[in-house]
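# Close look at the chain arrangement
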Amino acid sequence: MNLSFNRNLGMVDRTIRIIVGIIMIYLGFFSTLMISSWVALGLGFLGAAMIIEGSLGY
């Protein structure tokens, strides 16, 4: 049984995910918006997940 994964993200999609991830981390931790700490933590977590997914490409 072979369980190898194929890459399913193109370069444009990967680039967009990384850029959106960086923006989400910025909005979560460095923006001066008055948002709750849970929302900031969620934005940071989702932004990091998008950056990881975009850099791995799976």
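Described in the following lines is the structure provided in the data block. (Residues numbered from 1 in each chain as written. Predicted model: local features only at pLDDT ≥ 70, side-chain atom pairs only at ≥ 80, totals over all residues. Heavy atoms only, no water.)

## Structural notes on the environment of Leu41
Short version of the rule: Helix and strand definitions follow DSSP, with helices as H or I runs of at least four residues and strands as E runs of at least two, each counted in order from the N terminus.
Summarising the element assignment, Leu41 is placed in helix H2 (residues 37–56). Considered as a pair, Leu41 and Phe29 are 12 residues apart in the sequence and their alpha carbons are 7.8 Å apart.

## Considering the packing of helix H1 (residues 11–29) against H2
Spelled out, the test is: Whenever a helix is involved, its axis is fitted only over the stretch in contact; in every case the axis is a line through C-alpha atoms, and angles between N-to-C directions fall within 0 to 180 degrees. Should an angle fall under 35 degrees it is taken as roughly parallel, and over 145 as roughly antiparallel, whereas 65 to 115 is taken as roughly perpendicular and any remaining angle as oblique. If you view the pair so one helix is near and one far, a crossing is left-handed when the near helix is turned anticlockwise from the far one by less than a right angle, and right-handed when it is turned clockwise. The contact rule is simple, with two residues in contact once any of their heavy atoms fall within 4.5 Å. Three classes are used: nonpolar for Ala, Val, Leu, Ile, Met, Phe, Trp, Tyr, Cys and Pro, charged for Asp, Glu, Lys and Arg, and polar for all others, with Gly counted as polar.
One way to put it is that H1 packs onto H2 with a least axis distance of 7 Å and a crossing angle of 160 degrees. Comparing their axes, H2 and H1 come out roughly antiparallel. The handedness of the crossing between H1 and H2 comes out as left-handed. Across from Arg14, Arg17, Ile18, Val20, Gly21, Ile22, Met24, Ile25, Leu27, Gly28 and Phe29 in H1, the residues of H2 making contact are Ala40, Leu43, Gly44, Leu46, Gly47, Ala48, Met50, Ile51, Glu53, Gly54, Ser55 and Leu56. Residues that form the contact of H1 with H2 fall into these classes: 14 nonpolar, six polar and three charged.

## Quick word on the pattern of salt bridges
So the rule is basically this: Definition used for salt bridges: Asp or Glu carboxyl oxygen within 4 Å of a side-chain nitrogen of Lys or Arg. Buried means the residue's accessible area, taken with a 1.4 Å probe over protein chains only, is under 20% of the maximum for its type, while exposed means over 50%, and partly exposed covers the values in between.
Applying the stated rule across the entire model yields two salt bridges. Between Arg17 and Glu53 there is a salt bridge; the shortest N-O distance is 2.8 Å. Of the two residues, Arg17 is situated in helix H1 and Glu53 in helix H2; the sequence distance between them amounts to 36 residues. Judged by relative accessible area, Arg17 falls into the partly exposed class, the value being 23%. For Glu53, a relative accessible area of 30% translates into the label partly exposed. One salt-bridge network, held together by shared partners, links Asp13, Arg17 and Glu53.

## Considering H2
Here is the rule: For a helix, the expected span equals 1.5 Å multiplied by the residue count minus one. What the arc describes is the spread of directions from the helix axis to the C-beta atoms.
In this model H2 runs 28 Å from its N-terminal to its C-terminal C-alpha over 20 residues, within 8% of the 28 Å that 1.5 Å per residue would give. All of the buried residues along H2 are Ala40, Gly44, Gly47 and Gly54. Within H2, the buried residues cover an arc of 100 degrees as seen down the axis, which keeps them to one side. Exposed positions of H2 whose direction lies more than 90 degrees from the buried face are Trp38, Phe45 and Ile52. The inward-facing, buried residues of H2 contact H1.

As far as function goes, none of this settles anything; it's purely spatial.
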